[in-house]
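Inside the fold
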Amino acid sequence: MGEAPNSRGTLPLTTLFTPTLKPKPSMISLLPTFMPPCIGEAPHLAAARAEHRTEPRRRTAGQVPRRRVVEDPAMSVEELSVSQRSDRRSFTALIAGRAVKRRRLQSGEELQQAALQLISHNHNLSDLILEAGSGPEAGGEIYEGAAGSGDVPDKNTVGKVGASLLEGELRRQAGELGVPVGVLCVQVVMEKLTGLNLQGGGETAMISSTQRGELAVLLQAVRELLCVFSPKLLWQQYWKTQPVLEVVYRLHTEEILPLQNLLHSEPAVCVWLVSQLQSLCRRRASDPEDEEVQCQILSAVVSVLVGSGFEDSVDSAVSRSCCSVLDHMLSWLLDSLGNTDPSQSDPPTAAVWLQVFDPALLGVSVSEETLRRFYTHSLTHILTHRPRLKVSDAISMQSQWSFIKTPRLLTDLYCKVCMVFSVEVVLAHLQQVLETREVNWQNILSCVSTLLVYQTHTHNCLRELLSRLLKSAFESYDVERMITAFLLARQGALEGPAVFPSYSDWCVSAGAGGYHGNSKKSLVFLLKFLSDLVPFDPPQYLKVHVMYPPFVSLKHRSLLQEYVSLARTRLADLKVSVEEMGLFEVISGAPAEDQLQCPAQQDVEKAIALFQSTGRISVTVMEASIFRRPYFLSRFLPVLLTPRVLPEKPDTRMAFIEALRKAEKIPAALYSSYAESCLRERQVQRAGVHSSQEQEGNSKIFLQAQLQELRRLLSAGAAEGDVRAQLANISHSLHSVCADSPDEPARHTVITLTLDQPPPPHTPAVVNVILQSFCQCVLEACRVSPPHRQGQWAGQFVKMLLGHKKVYTALLHRVSQLLQIQGPSLAAPHVLGLAVFLVELHVCRSLCSPVKLSSPCCISVSPAEALSSILPSSTKTHMDFSLRLCVCAVCYALCRSSSHTENLSHFIPGRLYKQLMFLVPRLLPETRECVLAVERSVCGGQDEAASGSAWASVTDPTVSVRCSARALWTHSAVRNLQEHPEYQLSFSEWLLAELRVQRSVDALTDTERQVYERWVCQQWFLPRSVSSGGCGGNTETACSYIINSLLDMSLQPVQDPSAPPHTDCCSTDILSRLQELLWELQFSRDQSRTEREKGHFLWELIDQRCSATSDPERMGSELDLQRILHACNRVLLALPAAVLVRVSHVGGRRVLDCHSLMEHINNHQRKVCCPAGVLSCSLTTHFLKAVLSASAGCECPAEAVNASLSQIHLQCPLLLFSAGRWWGCVRPVLCSLWGRLVGGEEPALIQILNDCHQWASRSVGGLCADSSAPAALLAVCLHSELQGGDTERVKSQLMLSERNRHVLVFLLFLYITDFLSAQLSAQGEKSVKHTKDLSSHLLSLLADSSDWLSLFQQSGSGTDLRVGNEEQSVYCCVSMVTTDANIRLMPFAFYSVLSGVDECVMMRAAKAPGFLYTAVMSYAALLNLFLHGHTAAISSETPQQILSKAQQIVLKCVRLSPHSALTLIQRSQLEAECAELDPEVTAALSTLHPDDLGFDF
């Protein structure tokens, strides 16, 4: 409207007064130019005249000037006009007439009246309307001419003049024609519309830019004539000419013809409006002006339709018309989107009408309540649009209606329609529509998918809706609600675990919910419902129902079996064998084409994982090899035996295959083919054929585009719904890229993290791309806004990864490698990204499969906890990296928690916080006071300010990590996490972390480390309560924690070859702390003890650790006991000897309490002695030093030592045996210690052992002499003197008399022990032969005596003979000296020694009392040893050879033994023992006549 008249194609007002094709002067120019201003004349008229006088005359070619007419002042305007028309003068006369003076008009009113009379005699109504519509701009030259004079006429005045002229002329002509003025006005307007060619023809809804300008001028004039104009008549006339929507829009906006008044004027108006709107949407705007006009038309029309259709006060007919138009357009939109392939581009016409549902398009013209009614009506129409599909169709086609397969514009439509409502309202309305109308299942389910992807809270709301539907369905036995619940649950499962649980999880939870109440009627209803679904159910859902059936009581089990049989039959009809369901299979609701990994592949991985953790083939695999043999042979084994390049060091897969082969579960031909194929694979690899790199490169390129788009959305601050939609696209891309990825992780499957496990194909490149993109996205999102304003995108990203088990597992392996190996080399953005990943992984821990580290002592934990526990802290660089990651994670969690109702503990993994608790006081000494003062909160500060400064310090590259840690530690919420049990760093956890530190590359110096460790022990954990992980002020508890930690550290296997050796750890520093605490404890007890105390906490602790590994039924328990005892011995040797023996008060005197020491030696040390029967020299010395050192606290040390050694001689002979064996090394230490502590006469033990060694030296030298020392000590000393000599020399030196018979028996025992030790340790045939020959030689010396039989009665037969009890008691100590393995193998030693003697010695031995009984009992014990596999370690002879020799000896002994060798009871006992083991020996025993047998009295 603001354009110049000429620009719109209109003519100036002067065209109304001249004939056609002749130039016309302006209306003002017709006034006399010589008229001076009159008194009272309007200023603008005076200015107009002045302008006219100053302008030069311009004539165009061919223009004839008008003649001047001298008017009489008394002439009227009418007469003047007639005169002008009648007189036609010559050109000269006209010129001459201008000099004649005329009468001046006295006022503006007279001038206006004169102009009106003049116009009425020379007019054109059509042009007059355009001139009036052009408004004040038509006289633009007037204003320009008047600008110089300062008298500018009012534009409104000029516009009113034009409108008045037009109205007057219309009235005049209407009067002449005898028609109403309104009719004439409509006729004139229609003529002009026809001239402008503004008829649509049904093909277009918009006009050109030129037509738009002319129409604007015309409508402006019409607005001035509304008082005489008939809009209704105009519409009636225009309707007949095929109206154009834009013209109607202009009539509406100019308030000439309101659109709402047209909707019920004609029956076909709604049809026309729909057609015009569709044409408007189909029109492609060629320039911005057309696009803007198109949007304006849509906005105006839709505003009218929505306002008139959904306002309460609107007429019902108008409301129905408006709703009809909107419904037709929405149906047109849905039809166009329904015919679109999601992979193709969206139709542009649909995108135009989609703008209608943007609230901003409607503006403020529609109230909020009206808008809600409109969206509710639209949502209902969408859900019920063309309900052609049946429920059975929805069941079978549902997999094609996921979010990723829905057209983008349709998902946008769902979002726009639902955005004004909460999720609860939308789902409630959806339920209402489902229950009251026929619905379009595709739109229903795709709308649910869109809500799940875009709205975070939809998950919980949908779970509640499903629960209500199931409960209501079982209460009223409503099948429709049941099918609704199942379809909605399956639809949610299609979107993956990132937004909704899998279908199998939902079935399990629904079955556990007990909706059917375990009643028969409800159960029959459920099973009938499932049975009705069987003909239509896809196979993946049938598998879920078979694998995870509802809980059914035993009495109703038959009903369930009927359904299972029906489902299996259906699966067979679909050619989906139940055998394909796998051994460990977990089924989801994903469509079959999305389940890219075969079940056998999952079964193989699960079986290998179980084999790695247990060391044995799982029962499931063994059962499958028997009961599911077709699947095992045709599916499981081919996947397991896939050819590959075998590693140099056998991995878990190779060990599992070998175990199956040994169990004869792999056919020989199949295994041979596998071995040959693996060999060919190695040859191919050596030939340089590699294709995996190209595949990985393609996978990397494929994902980068999707991930880059996600990064762009985050950097642009896009809406959360758009980000979630992009994550759905990434998830779909991962399904396509990683062909070995299932759609969801297996439930209850433990993931084992190892550094040496090779990743599956494709995953290395994919995982690196994912990790890098995630870190970049975190950085971009943090640049836009802090974490608490970023939405849930990071958590949704992690949940999306959970739906791809292979990628997710490989991702965990990659993250663990980064944390353990490459952590210090990572850049700050990578550290920040990994920190965010750990936090978000912890937030969704309930959805994650548990993770177990490769260490055998580790338990299954959540992934975030497992990754946090492997953060390195052994070196300075490792500590700096771990500190940075922990600080970033806690700061991120702190910001995230500020916008959530959950506590801070919901976001921070416990082990990560404990790592922070370990590092902060260690590296930042100024924070130690805050650690001790958590409850007092002395470090306070404002939480809000601290939170902001902490996050700012993390993202600021100029701030060091230690400054960031200080800023974080000022936040009370972070410090107060220590009050929660799961976040409390215990003393034992601190000790293990400290023991992993390498002293050579520690962040602290030796002095600083000593100060720090003393502070930790004395100030932090010792006063702390036990419930908080401390020691409760108990020094014994602190010592127990330290000892246990030292033992645990020693027993931990070295997982990483680059890990520090135990010699470089901080164990020496920790042992120093232990020594300080023990001396403190020892001093406090010496001062406070008043009566005898029972037990010794140190020995109780060690015995408890050793007893935990003593399991005779478990293989390898002896090896575990050896490992734990070796670790214990290292700790014991580092402790002061005086603390090992307690001084007790008995009867007012102080005595040594060696009971705990002796029990420990007898119960544990004895079992692992190597060689058997002898403690190590260092342990022997340390234990004896303990006795002597502790005696210094007694009134009479020598007496106390003698009493203790006497007790040790009787109850713990192994210590004295060891002292005799190592006396040469032990004696100087003990003598020196005694001299320093007590002085004076040495204890009797030292003197006795000196005498024994002197006697042994003389005996070896051939000087036999008697000794009063115990025979056992003499034998040990003699055995020590004979060490190292050859067999013949030793035999020559063993010339002892009958008086030394007991010494020979003990010496025989010692050599038999050496023989068994040589057998078990595989020392070689020479050592075995040497000890066997010496044992046989000693037996030849003792053949006439029965004393030597006591050695085997103690250990082999377990029999208490009637004869020789007194002699037998002398040798009872032998079972308290040797190991359990040697005791078990004494029957083997018995026959090994007998096989080495000659016939004469055998006859002599057979005549000895009790020989036959001992021989037969030892033979029976030997047979039992072979039956139970206890002789597997014997390598000198085969079991058959040993048993054959033993049987021959037994039979020979039966023949050689005298008649009185056995009593009747003994013979019966022997026959009972051998009846099942060896009938031949039993028969030989039965040959002895009863009369020849002795009797027992």
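Structure's up top.
In short, a report on the structure.

Rules and cut-offs
- Residues numbered from 1 in each chain as written.
- Predicted model: local features only at pLDDT ≥ 70, side-chain atom pairs only at ≥ 80, totals over all residues.
- Heavy atoms only, no water.
- Salt bridge = Lys/Arg side-chain N within 4 Å of Asp/Glu carboxyl O.
- Helix = DSSP H or I, 4+ residues; strand = E, 2+ residues; numbered from the N terminus.
- Buried < 20%, exposed > 50% of the residue type's maximum accessible area, 1.4 Å probe, protein only.
- Contact = heavy atoms within 4.5 Å.
- Axes fitted to C-alpha atoms, helices over the stretch in contact; angles between N-to-C directions.
- Parallel < 35°, antiparallel > 145°, perpendicular 65-115°, else oblique.
- Left-handed = near helix turned anticlockwise from the far one by under 90°.
- Nonpolar A, V, L, I, M, F, W, Y, C, P; charged D, E, K, R; others polar.
- Pairing = 2+ DSSP bridges.

Brief notes about the pattern of salt bridges
Under the defined criterion, the tally for this structure stands at 40 salt bridges. Across the salt bridge formed by Lys914 and Glu989, the nearest N and O atoms sit 2.9 Å from each other. Pair noted here: Lys914 is in helix α41 (residues 910-923) and Glu989 is in helix α46 (residues 987-995), with a separation of 75 residues, a long-range link. When its relative accessible area of 31% is taken as the criterion, Glu989 is described as partly exposed.

Digging into helix α11 (residues 245-253)
Across the 9 residues that make up α11, a large majority, 8, are buried. Within α11, burial applies to Leu245, Glu246, Val247, Val248, Tyr249, Arg250, Leu251 and His252. In the core, the buried residues of α11 are packed alongside α9 (209-224), α10 (231-239), α12 (269-282) and α13 (288-310). Immediately beyond the C-terminal end of α11, within one or two residues, lies Glu255, with a positive phi of roughly 60°.

Re the packing of α12 against α13
It is the contact of α12 with α13, at a shortest axis distance of 11 Å, that shows an interaxial angle of 150°. In terms of orientation, α12 lies roughly antiparallel with respect to α13. Our pair here, α12 against α13, has a crossing hand that is left-handed. Note on element contacts: α13 touches α12 through Gln294, Ile297, Leu298, Val301 and Leu305, opposite Leu273, Leu277, Leu280 and Cys281. Considering only residue class, the contact of α12 with α13 consists of 8 nonpolar, 1 polar and no charged.

Brief notes about the pairing of strand β4 (residues 1149-1153)
Here strand β3 (residues 1142-1146) pairs with β4 via 5 bridges, running antiparallel. Within β4, the position partnered with His1145 by the bridge is Arg1150. Between β3 and β4, which follow one another and run antiparallel, lie 2 residues, and Gly1147 among them has a positive phi close to 60°.

Focus: the environment of Ala1269
Within the fold, Ala1269 resides in the loop between α57 (1244-1260) and α58 (1271-1281). Here Ala1269 falls in the buried class, since its relative accessible area comes to 14%. The sequence separation of Ala1269 and Asp1251 amounts to 18 residues, and the corresponding C-alpha distance is 7.6 Å. Apart from residues no more than four positions distant in its own chain, Ala1269 is found in contact with Ile1248, Cys1252 and Leu1274.

A short note on the packing of α58 against helix α60 (residues 1301-1321)
Closest axis-to-axis distance for the α58/α60 pair is 8 Å, and the angle between their directions is 50°. Looking at the two axes, α58 sits oblique to α60. Taken as a pair, α58 and α60 cross one another with a handedness that is right-handed. The residues of α60 that touch α58, namely those facing Ala1271, Ala1272, Leu1274, Ala1275, Val1276, Leu1278 and His1279, are His1302, Val1303, Phe1306, Leu1307, Leu1310, Tyr1311 and Asp1314. When grouped by side-chain class, the residues that make up the contact of α58 with α60 number 11 nonpolar, 2 polar and 1 charged.

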